[in-house]
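Inside the fold
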Amino acid sequence: MDAPQDDQALRKILAARAVSTGRGTIGDSILIVDGKVAAIGTLKDFDGSGIAVARYDATIIPGLRDAHTHPVAYTALLAGCSLKNATDMKDLQRRLVTFAKTLSDGQPVVATRLDDESLAERRLPTRIDLDAAIPDRPVVVYRYCGHVAVANTAALHASDVTSDTQAPSGGSIDYDPAGHPTGVLRETAMGLIPPAFAWSGNPDEASLLSALVGLAGLGITSIGAMIGHGEDPTERRELELWRGVAARLPIKVHGIASVETTTRLEEAASVLSDAGPRLSWLGLKRFADGSLGGHTAAMHAPFADDPSMGILRLSEVDTNLARRSIELGGMVAIHAIGDRAVDGVLDVFEELIAEGADPRDLRMEHVSVISPTQIRRFAELGVTAVVQPAFLASESEWVARRVGGDRVPWLYPFRSLLSFDAPVAGSSDCPVEPPQALWGMAAAMDRYGIAPDERLTGTEVLAMFTSGAARALREPEPLAIGSPADIAVIDAEPATASASQIRDAQVLDTYVDGVSVNVDRGLSVWPD
Ligand SMILES: [Zn+2]
C-alpha cells in the first residue's frame, strides 16, 4: 500500500447530486489533479479513468469565502467572556463575576458582545454598574459592534481618563451631569484604554489554529483577516501569532492590516507576504465611521431616535496610508456604515482612481446605509462592497427606528447594488456576527422584514460568498478550470433551497487545495 496513497492525493474525483456555483449548476462531478480543478462534468464523463471517486448524496459548491473577519478576536471570544443575550444589568454583572473567577488575581476582566438593546434597562452600563460587580481590578466591556466600550473606575484610571480628558478626534467620552466620565468611550476614545485590555486570556497558536479548523468545518476555505498592528508591543502580538501559524494553516488567510502608520503597514506587508503558502498580505484597513448601534455611523441627516449625525473619522491620514498600500501592491479596505461615510470614502476612492489605482483594489466595508444616488456613483467607480447580510438578523429589532422610515429602503440594498452591477462580496465580520457563511447567505435571502424587496436568490447569495468574495480577496474565480480545488459539500441545493434550508444546511466535507480538511465536528464555533 505505497503508491496509491500519493496518487489519490494528486488525482481524485468528487461526485455528487450536482455541482452548483454562483453561475448556476455546472455538472455533478469534479476531477481534481494536483490540488486544482482539472475538469467539471458528469460522472460518466470520467468513466473508466480508474481514478478514485468520493461520492456524496449532496451538493458540491465552491468553498465559501468570508471576505471580512477578525480571527484573533474570534479566537479570544471562543475562550473569553461573552455578554450575548444578557437579560439585564444583574445578569451582566453576574457573568463578569463568574468569568473573573477563571482569571488570575488582578488580571483585567474583558467581556465582549454587549448589546444594550437586549438588556431590560435598554441602556449601556456605566462604570458604577461595573464597579458594583468588580471594584478591585480593571473591567472593560465592548459593545458587539466593537465601536463602543465601557470601562469601570479602575480601567478608567489605568487609561488616564478623568473629568478633564479631551476625547481624541474621531471619538467621544460620555460624562454625567456632574462632569465625571460615565465609563462609556466611543470610537477613537476606546484607544485610550491600554491595549493589554483588548482581550482577556491570551489567544495562542493552538487556539487560533483550532478556530480556523472550525471555520473549515463551516465550509469556509478562505478569509479576509483583519490584523491589528499597532504601536504598543501588545498590539504587535497578532502579527507574531500569524507568523507562528503560517506554515500550518488549514484554510487560506488574506491579511488586511489595521495600522496607524506607513511603517507598521510596511512591516505587516512584509511579514504576511513571506510567512507561509496559505498566508498573504492583502492590504490596508481603515475606518471612516462607527456603527448604527452605537449612534456613531456618520449620517447626512440626524438619526431618527437621536439628534446626532454620528462621527466621521476620515482624514488625510487615511488617504496617505491608502496611497502607500497601493504603492506596495496592496488593496484598500475602508469601513463605512452611514451614508455620509459612504460619500467620504467614495471621494477618497475617486481620488485614488484618478491617480491610477485599479478600482478592483478598493473595497468599502459594510456599506450599511446607501441611497440610490450613491449606489449609482458606487457602481460607476467600480469599487467593491464588502457586506455582512447577518447584520440584518441582528439589527432587525431596532434598525428601522434608528434610521427612520424614509431611510429603511437604503439599508443593505443588496439587490439594488447587484442591479447596478456593483461588485458585492459576502462576509460575516465575525466575531461581530457568527462565522457561519450559510447563515449570512440565508439572511440575505430572508431579510427579516427590512426592505424585503432587496431579497436575493440562493444562487445570488452563493455568488456573493464565493465569486464575489474571491474577487475581493484577489483569488481566481472559484471552480474555474485551473483554480485551486477549494470546495464545500452541503446537503442543500442553493439554486432551489429556501432561506431556512440554507441556514440549516449541514456541511459534509470541505476541501482546500484538493485535500479534505480533517474537522473535529465537536469543535465549538460560537459561544452559547
Ligand atoms: Zn470588522
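The paragraphs below set out a description of the structure included in this document.

Conventions and cut-offs
- Residues numbered from 1 in each chain as written.
- Predicted model: local features only at pLDDT ≥ 70, side-chain atom pairs only at ≥ 80, totals over all residues.
- Heavy atoms only, no water.
- Donors = N, O, S within 2.8 Å, 3.2 Å for Na, K, Ca; no water.
- Helix = DSSP H or I, 4+ residues; strand = E, 2+ residues; numbered from the N terminus.
- Buried < 20%, exposed > 50% of the residue type's maximum accessible area, 1.4 Å probe, protein only.
- 1 Å grid on protein atoms, 1.4 Å probe; cavity = no way out; pocket = protein on both sides within 12 Å on 5 of 7 lines; lining within 4 Å.
- Points joined across faces, edges and corners; volume = space filled by probe spheres on them.
- Axes fitted to C-alpha atoms, helices over the stretch in contact; angles between N-to-C directions.
- Parallel < 35°, antiparallel > 145°, perpendicular 65-115°, else oblique.
- Left-handed = near helix turned anticlockwise from the far one by under 90°.
- Contact = heavy atoms within 4.5 Å.
- Pairing = 2+ DSSP bridges.
- Phe/Tyr/Trp six-rings, centres within 6.5 Å; stacked < 30°, edge-to-face > 60°.
- Lys NZ or Arg CZ within 6 Å of the ring centre and 35° of its normal.
- Nonpolar A, V, L, I, M, F, W, Y, C, P; charged D, E, K, R; others polar.
- Expected span 1.5 Å × (residues − 1).
- Salt bridge = Lys/Arg side-chain N within 4 Å of Asp/Glu carboxyl O.
- Lys, Arg positive; Asp, Glu negative; His and termini not counted.

Some words on the coordination of the zinc ion
In a perfect tetrahedron of four donors around a metal, the angles come out at 109.5 degrees. In a perfect octahedron of six, they are 90 or 180 degrees. Taken together, the protein ligands of the zinc ion are H68 (NE2), H70 (NE2) and D429 (OD), with distances of 2.1 to 2.2 Å. Each donor residue of the zinc ion belongs to the same chain, and together they define the spacing H-x1-H-x358-D. Taken as a pair, H70 in the loop between β8 (64-69) and α2 (71-79) and D429 in the loop between β21 (424-426) and α15 (437-446) lie far apart in primary sequence, 359 residues in all. Its relative accessible area of 21% is what places H70 among the partly exposed residues. The class of D429 is buried, set by a relative accessible area of 6%.

A few points about empty space enclosed by the protein
Counted by the stated rule, this structure contains 1 cavity of 30 Å³ or more. Size it by volume and the largest cavity reaches roughly 30 Å³. If you trace the largest cavity, you find it lined by T69, H70, P71, Y74, L215, C430 and P435.

Looking at the packing of helix α7 (residues 237-245) against helix α8 (residues 262-274)
Following both chains from N to C, one finds α7 and α8 inclined at 15 degrees, their axes separated by 10 Å at the closest point. Viewed along their axes, α7 and α8 adopt a mutual orientation that is roughly parallel. By crossing handedness, the relation of α7 to α8 is classed as left-handed. In this structure, α7 contributes L239, W242 and R243 to the contact, and α8 contributes E267, A268, V271 and L272.

Brief notes about the pairing of strand β15 (residues 220-228)
Within a regular strand, the side chains alternate between the two sheet faces. The element β15 is largely enclosed, with a buried count of 8 among its 9 residues. Bridge count for β8 against β15 is 4 bridges, and the pairing is parallel. Bridging across to β15, D66 finds its partner in I223. The sheet contact formed by β15 and strand β16 (residues 252-258) spans 7 bridges and is parallel.

Details of the sheet that holds strand β20 (residues 384-387)
Taken together, 8 strands build an open sheet; the order of strands is β8-β15-β16-β17-β18-β19-β20-β21 and the sheet is parallel. With one partner strand each, in any of the chains shown, β8 and β21 form the two edges of the open sheet. This sheet shows a mean twist of 25 degrees between the axes of neighbouring strands, independent of strand direction. Both β20 and β21 contribute to a ladder of 3 bridges, which runs parallel. Looking at the pairing, V386 lines up with A425 of β21. Docked against the sheet, helix α10 (residues 339-354) engages β18 (331-336) and β19 (362-366), running at close to 170 degrees with respect to β19.

As for the packing of aromatic side chains
Two measures describe an aromatic ring pair: the distance that separates the ring centres and the angle between the ring planes. Tallied over the entire structure, the rule returns 2 aromatic pairs. Between the aromatic rings of F391 and Y412, the centroid separation amounts to 6.2 Å while the plane-to-plane angle is 75 degrees, which identifies the pairing as edge-to-face. You can see F391 sitting in helix α12 (residues 390-395) and its partner Y412 sitting in the loop between α13 (399-403) and α14 (414-419), a full 21 residues away along the chain. On the basis of an interplanar angle of 50 degrees and a centroid distance of 6.3 Å, the ring pair of Y412 and F414 is categorised as tilted. Under the relative-accessibility criterion, F414 is labelled buried at 1%. Stacked on the ring of F414, the Lys or Arg R447 has its end atom at 5.4 Å from the ring centre. If you follow R503 out to its NZ or CZ, it ends over the ring of W439, 4.2 Å from the centre.

Side note on the packing of α8 against helix α9 (residues 316-327)
Between α8 and α9, whose axes approach to 10 Å, the crossing angle comes to 30 degrees. Considered as vectors, α8 and α9 are oriented roughly parallel to each other. For the pair α8 and α9, the crossing hand works out as right-handed. Touching T262, L265 and E266 of α8 are L321, R324 and S325, all from α9. Broken down by class, the residue content of the contact of α8 with α9 amounts to 2 nonpolar, 2 polar and 2 charged.

Quick notes on unusual backbone geometry
At the junction of C430 and P431, the peptide bond is cis and its omega measures out at 10 degrees in the coordinates. With respect to the element layout, P431 can be found in the loop between β21 and α15. Of note, R122 is a non-glycine position whose phi angle comes to about 50 degrees, a positive value. As for its placement among the helices and strands, R122 is situated in the loop between β10 (109-114) and α4 (127-133). Even without being a glycine, D429 presents a positive backbone phi close to 60 degrees.

Points about α15
Among the 10 residues of α15, 8 are classified as buried, and the element is accordingly described as predominantly covered. Regarding α15, the residues found buried are A437, L438, G440, M441, A442, A443, A444 and M445. Looking one or two residues beyond α15, the residue adopting positive phi is R447, at roughly 70 degrees.

Quick notes on helix α3 (residues 89-100)
For the α-helix, the turn length of 3.6 residues means that residues three or four positions removed from each other point alike. Its 12 residues give α3 an end-to-end C-alpha distance of 17 Å, which sits within 8% of 16 Å, the value for a rise of 1.5 Å per residue. In this fold, the buried residues of α3 make contact with α2, β9 (81-82), β10, α4 and β11 (139-143).

Examining the pattern of salt bridges
Taken as a whole and assessed by the stated rule, the structure comprises 33 salt bridges. Counted as one network, the salt bridges with shared partners bring together E117, R122, D305, R401 and R402.

Describing the side chain of D429
One buried charged residue, D429, forms no salt bridge at all, with the nearest opposite charge on K285 at 5.9 Å. Beyond its immediate stretch of four places on either side in the chain, D429 contacts D66, H68, H70, H366, Q388 and F391.

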